[in-house]
Amino acid sequence: MPIARNKKNPPVDPDAIAAFGAAAELRPEAAEPPAPTTPVKQRSTPRAPRADEKAPPASSLVRWAGEEELRDRLIAYSRAERYKMQDLMVKAMQIGLDQLEQR
């Protein structure tokens, strides 16, 4: 079933078009240089394992014993925001680890 389009166009206001064009032509004044920020630690890139090392795991198991409230919060958030549980858990761990490293 095709979607009907509204073919009525609103009246054109030439003054509004001129004002928009004039605003686009204005150049902003030179901004002050940004304030220096504290340097952020660079994350290390994963390295290839040596021959005598095992490769890192492709997946991990989470045991929720004693952490049922956290599990339920993750499930509720993933449903409310329509995130996949995998993506949500990885993002939550990234944010948490970033905060831990900044201590």
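## Some thoughts on the overall build of the protein chain
A tally of helices and strands in the protein chain yields three helices and zero strands. Each helix and strand of the protein chain, placed in order from N terminus to C terminus, yields the pattern α-α-α. Counting only carbon and sulfur atoms, one obtains 57% of the accessible surface of the protein chain, whose full area is about 11,000 Å².

## A closer look at the packing of aromatic side chains
Throughout the structure, instances matching the rule amount to one aromatic pair. With a centroid separation of 6.0 Å and 10° between ring planes, the pair formed by Tyr77 and Tyr83 is classed as stacked. Relative accessible area serves as the criterion here: at 42%, Tyr77 is assigned to the partly exposed category. Overall, Tyr83 belongs to the partly exposed group, its relative accessible area being 44%.

## Here's the deal with helix 1 (residues 14-25)
Compared with the 16 Å implied by 1.5 Å per residue over 12 residues, the 17 Å span of helix 1 between its first and last C-alpha is a close match. Within helix 1, only zero of the 12 residues are buried, which leaves the element largely exposed.

## Here we look at the confidence of the model for the protein chain
With 77% of its residues at a pLDDT of 70 or more, the protein chain shows a mean pLDDT of 80. Mean pLDDT values for the elements of the protein chain range from 83 in helix 1 up to 91 in helix 3 (residues 85-101).

## Some points on unusual backbone geometry
In the Ramachandran plot, Arg82 falls in the positive-phi region, its phi being about 60° despite a non-glycine side chain. Owing to a relative accessible area of 78%, Arg82 belongs among the exposed residues under this scheme.

## Looking at the pattern of salt bridges
It is possible for side chains of opposite charge to pair when their charged atoms get near one another. The full count for this structure, using the stated rule, is one salt bridge. Of the charged contacts, one joins Arg71 and Asp72 as a salt bridge, the two residues approaching to 3.1 Å between their closest N and O atoms. By relative accessible area, Arg71 is classed as partly exposed at 27%.

## Brief notes about the side chain of Ser78
Relative to the helices and strands, Ser78 resides in helix 2 (residues 68-81). A residue is classified by how much of its surface remains accessible, and Ser78, at 11% relative accessible area, is buried. The contacts of Ser78, once residues within four sequence positions are left out, are Tyr83, Met85 and Leu88.

## Topic: helix 2
Its 14 residues place the ends of helix 2 20 Å apart at the C-alpha level, agreeing with the 20 Å of an ideal helix rising 1.5 Å per residue. The first or second residue beyond helix 2 is Arg82, which carries a positive phi of 60°.

## Some points on the packing of helix 2 against helix 3
In the contact formed by helix 2 and helix 3, the axes pass within 10 Å of each other and the chain directions differ by 120°. If you check the angle between helix 2 and helix 3, you find them oblique. In this structure, helix 2 crosses over helix 3, and the sense of that crossing is right-handed. Here Leu74, Ile75, Tyr77 and Ser78 of helix 2 lie close against helix 3, whose contacting residues are Met85, Leu88 and Met89. Residue composition of the contact of helix 2 with helix 3, grouped by class: six nonpolar, one polar and no charged.

Procedures and definitions
- Residues numbered from 1 in each chain as written.
- Predicted model: local features only at pLDDT ≥ 70, side-chain atom pairs only at ≥ 80, totals over all residues.
- Heavy atoms only, no water.
- Helix = DSSP H or I, 4+ residues; strand = E, 2+ residues; numbered from the N terminus.
- Areas by Shrake-Rupley, 256 points an atom, 1.4 Å probe, with all protein chains shown as cover.
- Phe/Tyr/Trp six-rings, centres within 6.5 Å; stacked < 30°, edge-to-face > 60°.
- Buried < 20%, exposed > 50% of the residue type's maximum accessible area, 1.4 Å probe, protein only.
- Expected span 1.5 Å × (residues − 1).
- pLDDT = per-residue confidence, 0-100.
- Salt bridge = Lys/Arg side-chain N within 4 Å of Asp/Glu carboxyl O.
- Contact = heavy atoms within 4.5 Å.
- Axes fitted to C-alpha atoms, helices over the stretch in contact; angles between N-to-C directions.
- Parallel < 35°, antiparallel > 145°, perpendicular 65-115°, else oblique.
- Left-handed = near helix turned anticlockwise from the far one by under 90°.
- Nonpolar A, V, L, I, M, F, W, Y, C, P; charged D, E, K, R; others polar.

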